[in-house]
Amino acid sequence: MPSERVLICGAGVAGSILAFWLAKHDFQVVVVERSKAEQKAGQGIEIEEPALKVVKLMGILDKLKERKTGEMGFNLVDQQSRSCGIFEVGGISPTGALELMRGDLTEVLYKSADEFANVTFQFETTIQSLRQTQDKVIVDLENKITKTTRVAEFDFVVGADGVKSWTRQLVMGSPEKLNCFKSVGAFVAYFSIPKEDQDWPYSRLCHFTDRRIVWMRPIGKESKITSVYLIHVHDDVPNLRRANAAGDRLKQKEAFAELYSDLDWETPRVIEQMMRAENFYSDELMQVKLQKWSQHRVVLLGDAAWAPTPFTGEGNQLAIIGAWVLGQELSRNPSPVAFEMYEKRLRSYVENAQSIPLGGYAPYIFNPQTAWGIWLLRTIVRLVSWTVRAISWMNLARMLPDKPQNDFDLKIEEVEAEVAR
Ligand SMILES: Cc1cc2nc3c(=O)[nH]c(=O)nc-3n(C[C@H](O)[C@H](O)[C@H](O)COP(=O)(O)OP(=O)(O)OC[C@H]3O[C@@H](n4cnc5c(N)ncnc54)[C@H](O)[C@@H]3O)c2cc1C
């Protein structure tokens, strides 16, 4: 039975799921997270197959269902709020069957891992530095509240600390040195604003010229807030880049306010409330591409290793599946060999998932530059939504081919056998 000590940096989706599976396999697990236990930032994220199987086997599906946003579907609207096409939940709709706010998802995940006696979560704590010997990793852990540092030894360290992973930087070097960030040419902002009647129950997305989008998503019938994504597809927005590099939230807000200042529809309300939003988060969308995901006893997981960006819709799925595969490999062979196996099983699946749909042109096709492009997109969406309705009305859906199987080595029987141990 393994009793190795594992430090996980980051209690996001990947970190908490890995903590759960390692605890089940009797590892001694410490999870450090720089934020407070309650993380309110973030937006709706979806869990679908095959990641759904992993959360089902963790026994948390009912808890997750209780936290669903309840969004009933997706409505593409024009500037007068007229619908150009509604897609009910599931199928080709951007609204998934199990859609949750990231903060709700991570809370359920961390609480389910925290039930194990052999897991300790330490919030507002981070890795300050680390060094590896042949058979252990010596880590300086810093508590941000008490401003104290303590030294601890682990057999393995897992960096599940997101796109800008500090663990990655400590063991492999800066993103510049690694040349691991690949911009997908888009700037996003996420925040929430006070809810109005028209915000429920469908999410509404409106296109504007120069590849600017306002997308408003309900987060619950009783909720008093609505979440908003602003997406601007562009290779370079200098003042936003500068604000992002400086981590200056006010400057980020001002840059978006300027970019969106000439837009109508709900945009004036959105921008006014954005300036007051406390849970505002903005960045340039970057993929992470690394030659290798581990270095001796330290391994990277989730966005830290392979962030695919929301354009692929795969970030959350990969984090869940990756955590499950890594937990499985470490339990089979608690040595650095497990990291080789983990990468061998997942590498090509991850690389496929990182490819941006439609030959990389999806962000441009779905975010047109001109008024004519927007008209064409709305017309196509109208036709597709009519076709989808006609198919479901005539009950022809059963004639459509099944979704292709994923081509990586995830066998649900194996997961079930692991859980039964
Ligand atoms: C604030 C936020 C909002 C997001 N919103 C969305 C969204 O709306 N839609 C979507 O599809 N995806 C969103 N994502 C990304 C999505 O959660 C990930 O693609 C996916 O879930 C992968 O999860 P992960 O656990 O690998 O990384 P993340 O979810 O990024 O989790 C990493 C965790 O590590 C912690 N961390 C970072 N640095 C340190 C450090 N030095 N020490 C300790 N802890 C650290 C972070 O606080 C975070 O909790 C968001 C991520 C974040 C951080």
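These figures come from a predicted structure and were not determined experimentally. (Residues numbered from 1 in each chain as written. Predicted model: local features only at pLDDT ≥ 70, side-chain atom pairs only at ≥ 80, totals over all residues. Heavy atoms only, no water.)

S.K.: Sorry, what's going on with the environment of Asp264 here?
M.R.: Within the secondary structure layout, Asp264 lies in the loop between helix 8 (249–259) and helix 9 (267–274). For the pair Asp264 and Phe208, spaced 56 residues apart in the sequence, the C-alpha separation amounts to 9.0 Å. In contact with Asp264, not counting residues within four places along its chain, are Gln79 and Phe208. (Helix = DSSP H or I, 4+ residues; strand = E, 2+ residues; numbered from the N terminus. Contact = heavy atoms within 4.5 Å.)

S.K.: Any chance you could explain helix 11 (residues 315–332) here in plain terms?
M.R.: Relative to the 26 Å expected for 18 residues at 1.5 Å per residue, helix 11 spans 26 Å between its end C-alpha atoms, a close match to the ideal helical length. Taken across its 18 residues, helix 11 has 16 buried, putting it largely inside the fold. (Expected span 1.5 Å × (residues − 1). Buried < 20%, exposed > 50% of the residue type's maximum accessible area, 1.4 Å probe, protein only.)

S.K.: Is there a simple way to explain the sheet that holds strand 17 (residues 294–295) in this structure?
M.R.: Reading across from one edge, 7-2-1-11-18-17 is the order of the 6 strands in this open sheet, with mixed pairing throughout. Both edges of this open sheet fall to strand 7 (119–123) and strand 17, since each of them pairs with a single strand only. Sheet strands touched by helix 1 (residues 13–24): strand 1 (5–9), strand 2 (28–33), strand 7 and strand 11 (156–159). Its angle to strand 1, the strand with the most contacts, is close to 165 degrees. (Pairing = 2+ DSSP bridges. Axes fitted to C-alpha atoms, helices over the stretch in contact; angles between N-to-C directions.)

S.K.: Looking at this structure, I do not really get the site of the ligand. What am I missing?
M.R.: The local shell around the ligand holds 27 residues, among which Glu33, Ile45, Arg102, Thr126 and Asp303 are the closest. Residue Val13 places a main-chain N or O atom 3.2 Å away from an oxygen atom belonging to the ligand. At 3.1 Å, a backbone N or O of Arg34 approaches a nitrogen atom of the ligand. Here the ligand, which alone exposes 920 Å², has 88% of that area covered by the protein. Sorting the residues of the shell around the ligand by element identifies helix 1, strand 2, strand 3 (44–46), strand 8 (125–132) and helix 11 as the ones contributing at least two each. In terms of residue count, helix 11 provides more of the shell around the ligand than any other element does, 3 residues in total. Tallied by class, the residues present in the shell around the ligand amount to 9 nonpolar, 13 polar and 5 charged. (Near = heavy atom within 4 Å. Polar contact = N/O pair within 3.5 Å; in protein donor to acceptor, adjacent residues only side chain to side chain. Areas by Shrake-Rupley, 256 points an atom, 1.4 Å probe, with all protein chains shown as cover. Nonpolar A, V, L, I, M, F, W, Y, C, P; charged D, E, K, R; others polar.)

S.K.: Any chance you could explain the sheet that holds strand 13 (residues 202–208) here in plain terms?
M.R.: Whether parallel or antiparallel, the strands of a sheet pair through hydrogen bonds between backbone atoms. One open sheet holds the 7 strands; their spatial order is 5-4-13-14-15-12-16, and the pairing between them is mixed. Every interior strand has two partners, whereas the edge strands, strand 5 (83–88) and strand 16 (281–288), have only one. Averaged over neighbouring strand pairs, the angle between their axes works out to 20 degrees when direction is ignored. Judged from the 5 bridges that link them, strand 4 (residues 73–77) and strand 13 form a sheet pairing that is parallel. Within the sheet, the bridge partner assigned to Asn75 lies in strand 13 and is Arg204.

S.K.: How should the pairing of strand 10 (residues 148–154) be read in this particular structure?
M.R.: Both faces of the sheet carry side chains from a regular strand, because those side chains alternate between them. Pairing analysis gives 7 bridges linking strand 9 (residues 137–143) to strand 10, with the strands arranged antiparallel. What sits directly across from Asp140, in strand 10, is Val151. From the end of strand 9 to the start of strand 10, which pair antiparallel, there are 4 residues, and Lys147 there has a positive phi angle of about 60 degrees.

S.K.: Teacher, can you tell me more about the pattern of salt bridges here?
M.R.: Once the charged atoms of two side chains with opposite charge are near each other, the side chains can pair. Considering all chains together, one arrives at 27 salt bridges under this definition. Across the pair Glu343 and Arg347 runs a salt bridge, and its minimum N-O distance is 2.7 Å. Placement of both Glu343 and Arg347 in helix 12 (residues 337–354) is noted, with a separation of 4 residues, approximately one turn of the helix. Side by side, Glu343 and Arg347 carry an identical accessibility label, which is buried. Linked by salt bridges that have partners in common, Glu196, Asp199, Arg204, Glu266 and Arg269 make up one network. (Salt bridge = Lys/Arg side-chain N within 4 Å of Asp/Glu carboxyl O.)

S.K.: Just checking my understanding: could you explain unusual backbone geometry for this structure?
M.R.: A negative phi angle is the norm for most residues apart from glycine, just as the trans form is the norm for most peptide bonds. Here the amide bond leading from Glu49 into Pro50 is cis, since omega sits at 0 degrees, within 30 degrees of zero. Considering the arrangement of structural elements, one finds Pro50 in the loop between strand 3 and helix 2 (51–57). Here Trp200 and Pro201 are connected by a cis peptide whose omega angle stands at 5 degrees. In this fold, Pro201 is placed in the loop between strand 12 (181–194) and strand 13. Despite not being glycine, Arg211 shows a phi value in the positive range, around 55 degrees. Tracing the backbone through its elements, the reader meets Arg211 in the loop between strand 13 and strand 14 (212–218). Positive phi, close to 80 degrees, is recorded for Thr309, a residue that is not glycine. Structurally, the position occupied by Thr309 is in the loop between helix 10 (303–306) and helix 11.

S.K.: Sorry, what's going on with the nonpolar core here?
M.R.: As a rule of thumb, soluble globular proteins bury nonpolar side chains together. In this structure, Ile8, Ile47 and Leu301 are the most contacted members of the largest nonpolar core, which totals 80 residues. Core analysis: the next-biggest nonpolar cluster, separate from the first, contains 25 residues, Phe191, Ala257, Leu259 and Phe280 among them. (Core = buried A, V, L, I, M, F, W, Y, C linked by side-chain atoms within 4.5 Å.)

S.K.: I would appreciate a short explanation of the pairing of strand 4 in the present structure.
M.R.: Of all 5 residues that make up strand 4, 5 are buried, and the element is covered over most of its length. A two-sided burial pattern is seen for strand 4, the buried positions comprising Gly73, Asn75 and Val77 on one face and Phe74 and Leu76 on the other. Pairing of strand 4 with strand 5 involves 5 bridges; the strand directions are antiparallel. When the sheet's bridge partners are listed, Asn75 is paired in strand 5 with Ile86.

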